[in-house]
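# Residue-level structural notes
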Amino acid sequence: MKQAPLVLLAALILSPGMTPAAGAQPARVAQRVLGPGAYVYQTRLDTASCEDDSNSGLTNSFFAAIDGVPGASSMSMSLVNSQYWPRWTLEVRADGTVVGDATIRGQEGPNAAVSHFEIQRRGDHLRGRGYREYNQTVAGQRRRCRNDFDVLVRRLDLSTGG
């Protein structure tokens, strides 16, 4: 009679009354592209519509803390050494693309400066493109400017074991 518990379990699972509730969400597969931890976030400017630092190759590096639940598709990123873009929202799409969005510190609304990137895993790092948009006076006219840049995100290995 050792099979009795297995038969009972199978009967419970297969019984009509044990189906998922109407409207229940299917289990979501955890993403494995990006997890919480310490990272370096780096941008390299290559074009600028208002001729500020255009084609200069200006590269900025930031220490990034990514917070969230491992495997979750939504997380946040704090750039420790950025006075302008300290808080980001991150989304990992089903295709593995990581999308980041931020609003410049101290601004809100439709005229606020914004930054956006889309990156994908390439070996041990994530790489892609991003942009910043902001309002600026150019030749006496107020206009929306845009800087485009390459993005590199790499996890920092903080282990002490070598």
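Everything that follows concerns the structure shown earlier in this document.
Residues numbered from 1 in each chain as written. Predicted model: local features only at pLDDT ≥ 70, side-chain atom pairs only at ≥ 80, totals over all residues. Heavy atoms only, no water.

Another point: the pattern of salt bridges. Scanning the entire structure with this criterion turns up 7 salt bridges. For R93, the salt bridge identified is with E118, shortest N-O distance 3.5 Å. Residue R93 is located in the loop between β4 (87-92) and β5 (98-103), and its partner E118 is located in strand β6 (residues 114-122); the two are separated by 25 residues in the primary sequence. Look at the salt bridges and you will find they share partners, linking R44, D46, R129 and D150 into a network. (Salt bridge = Lys/Arg side-chain N within 4 Å of Asp/Glu carboxyl O. Helix = DSSP H or I, 4+ residues; strand = E, 2+ residues; numbered from the N terminus.)

Here H125 is to be found in strand β7 (residues 125-138). Within polar-contact distance, the side chain of H125 engages the side chain of D124 at 3.0 Å. (Polar contact = N/O pair within 3.5 Å; in protein donor to acceptor, adjacent residues only side chain to side chain.)

Right, let's talk about the packing of aromatic side chains for a bit. Within the structure shown, the criterion is met by 4 aromatic pairs. Ring geometry for Y41 versus W88: centroids 5.7 Å apart, planes at 55°, classification tilted. Taken together, the positions of Y41 in strand β1 (residues 37-48) and W88 in strand β4 put the pair 47 residues apart, joining distant regions of the chain. Taking relative accessible area as the criterion, W88 reaches 3% and is therefore assigned buried. (Phe/Tyr/Trp six-rings, centres within 6.5 Å; stacked < 30°, edge-to-face > 60°. Buried < 20%, exposed > 50% of the residue type's maximum accessible area, 1.4 Å probe, protein only.)

What follows deals with the side chain of Q31. Examined against the element boundaries, Q31 turns out to sit in the loop between α1 (4-14) and β1. Overall, Q31 belongs to the buried group, its relative accessible area being 14%. Polar contacts involving the side chain of Q31 include one to the main-chain carbonyl oxygen of L34, which spans 2.6 Å.

Right, let's get into the state of the cysteines. Here a disulfide denotes one covalent bond, and it connects the sulfur atoms of two cysteines. One pass over the structure, following the stated rule, counts 1 disulfide. Note on cysteine connectivity: C50 is disulfide-linked to C145, with sulfurs 1.8 Å apart. Looking down the S-S bond of the C50 and C145 bridge, the torsion is -90°, so its handedness is left-handed. You can see C50 sitting in the loop between β1 and β2 (59-67) and its partner C145 sitting in strand β8 (residues 141-155), a full 95 residues away along the chain. Residue C50 is classed as buried on the basis of its relative accessible area of 8%. Judged by relative accessible area, C145 falls into the buried class, the value being 0%. (Disulfide = S-S within 2.5 Å.)

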